[in-house]
Amino acid sequence: MKIILRILKWAAILFFGSSILVTVLYRWVPVRTTPLMVIRAMANSGDSVYTDWKHRWVPLDSISPYMPVAVMASEDQRFLEHHGFDFEAIRQAQAEYEAGGRRRGASTISQQTAKNVYLWPQSSWLRKGLEAYFTVLIELTWSKRRIMEVYLNSIEMGPGIYGIEAVAQAHFHCHASELSRSQCALIAATLPNPRRFSSAHPSRYMRKRQHQIERQMKHIPFLEK
């Protein structure tokens, strides 16, 4: 029993120590590869779309200023106000579900960043617990600008496409810094399911979501430098 406790003790020390160290490093170091990129490539090992994934890190200053506004309008309108968890959005989602509506997520950009950088896509209680831990960690050690920078560089934006620079080049034949307000809204509209919804070939539903996001963007401030 003492040996098991000793092993658990050192495993806990290793986990917390390494996770804190990596998170502190990621405050400055670009995130070149995420677990999701590897998981998608392994699950689609015969498909070059996934195995030769497209990803290029760019600093936030090299991304259109409309892109953070678009994803905040679409995914997390209180991003600049909360500390990782939007309890009001969670309460509203639960109330809608109890009233007979569909179950929807209420995860913040910080939570999505934690999941993208450290964890796997399949939902489970273990992943949710780890996601909460890493969300607290990045909120304590990174600025909001850094969280947004990592988010926009690591999020899946299409089959084998990760990050805003990759999707800008693949779908709009330009750099992330050159994306228009309308293009940013269209990209944000795909984020609930970027492998189903395409910013390259938007459906009528996608265009409707794009226009909704553009209207909401009027009420979202730009990220301060």
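Draft legend 1. Summary view of the pattern of salt bridges. The final tally for this structure, using the stated rule, is eight salt bridges. When the shortest N-O distance is used, the salt bridge between Arg-40 and Glu-156 registers 2.9 Å. Of the two residues, Arg-40 is situated in helix 2 (residues 35–43) and Glu-156 in strand 2 (residues 156–158); the sequence distance between them amounts to 116 residues. Like Arg-40, the residue Glu-156 is buried in the burial classification. Across the pair Arg-78 and Asp-86 runs a salt bridge whose closest N-O atoms are separated by 3.0 Å.

Draft legend 2. Examining a nonpolar patch on the surface more closely. On the surface, Phe-16, Ile-20, Leu-21, Val-24, Leu-25, Trp-28 and Val-29 cluster together into a nonpolar patch covering about 670 Å² of accessible area. Relative to the assigned elements, Leu-25 resides in helix 1 (residues 2–25). With relative accessibility at 45%, the residue Leu-25 sits in the partly exposed group.

Draft legend 3. Spotlight on helix 4 (residues 66–75). Burial within helix 4 is extensive, with eight of its 10 residues counted as buried. Turning to helix 4, its buried residues are Met-67, Pro-68, Val-69, Ala-70, Val-71, Met-72, Ala-73 and Ser-74. In the core, the buried residues of helix 4 are packed alongside helix 6 (109–118), helix 8 (144–154), helix 9 (164–172), helix 10 (181–190) and helix 11 (204–217).

Draft legend 4. Structural view of the layout of surface pockets. Here the second largest pocket is characterised by a volume of approximately 170 Å³. Leu-60, Asp-61, Ile-63, Ser-64, Pro-65, Pro-68, Arg-145, Phe-222, Leu-223 and Lys-225 together form the lining of the second largest pocket. When its residues are assigned to classes, the lining of the second largest pocket shows six nonpolar, one polar and three charged.

Draft legend 5. Geometry of the packing of helix 4 against helix 10. It is at 8 Å that the axes of helix 4 and helix 10 come closest, and there the two elements cross at 40 degrees. The angle between helix 4 and helix 10 places the two elements in the oblique class. The two elements helix 4 and helix 10 meet at a crossing, and its hand is right-handed. Residues Tyr-66, Met-67, Ala-70, Val-71, Ser-74 and Glu-75 of helix 4 form the contact with helix 10, whose participating residues are Arg-181, Cys-184, Ala-185, Ile-187 and Ala-188.

Reading the values: rules and limits
- Residues numbered from 1 in each chain as written.
- Predicted model: local features only at pLDDT ≥ 70, side-chain atom pairs only at ≥ 80, totals over all residues.
- Heavy atoms only, no water.
- Salt bridge = Lys/Arg side-chain N within 4 Å of Asp/Glu carboxyl O.
- Helix = DSSP H or I, 4+ residues; strand = E, 2+ residues; numbered from the N terminus.
- Buried < 20%, exposed > 50% of the residue type's maximum accessible area, 1.4 Å probe, protein only.
- Patch = residues over 30% accessible without salt bridge, like charges linked within 9 Å, V, L, I, M, F, W, Y side chains within 5 Å.
- Areas by Shrake-Rupley, 256 points an atom, 1.4 Å probe, with all protein chains shown as cover.
- Contact = heavy atoms within 4.5 Å.
- 1 Å grid on protein atoms, 1.4 Å probe; cavity = no way out; pocket = protein on both sides within 12 Å on 5 of 7 lines; lining within 4 Å.
- Points joined across faces, edges and corners; volume = space filled by probe spheres on them.
- Nonpolar A, V, L, I, M, F, W, Y, C, P; charged D, E, K, R; others polar.
- Axes fitted to C-alpha atoms, helices over the stretch in contact; angles between N-to-C directions.
- Parallel < 35°, antiparallel > 145°, perpendicular 65-115°, else oblique.
- Left-handed = near helix turned anticlockwise from the far one by under 90°.

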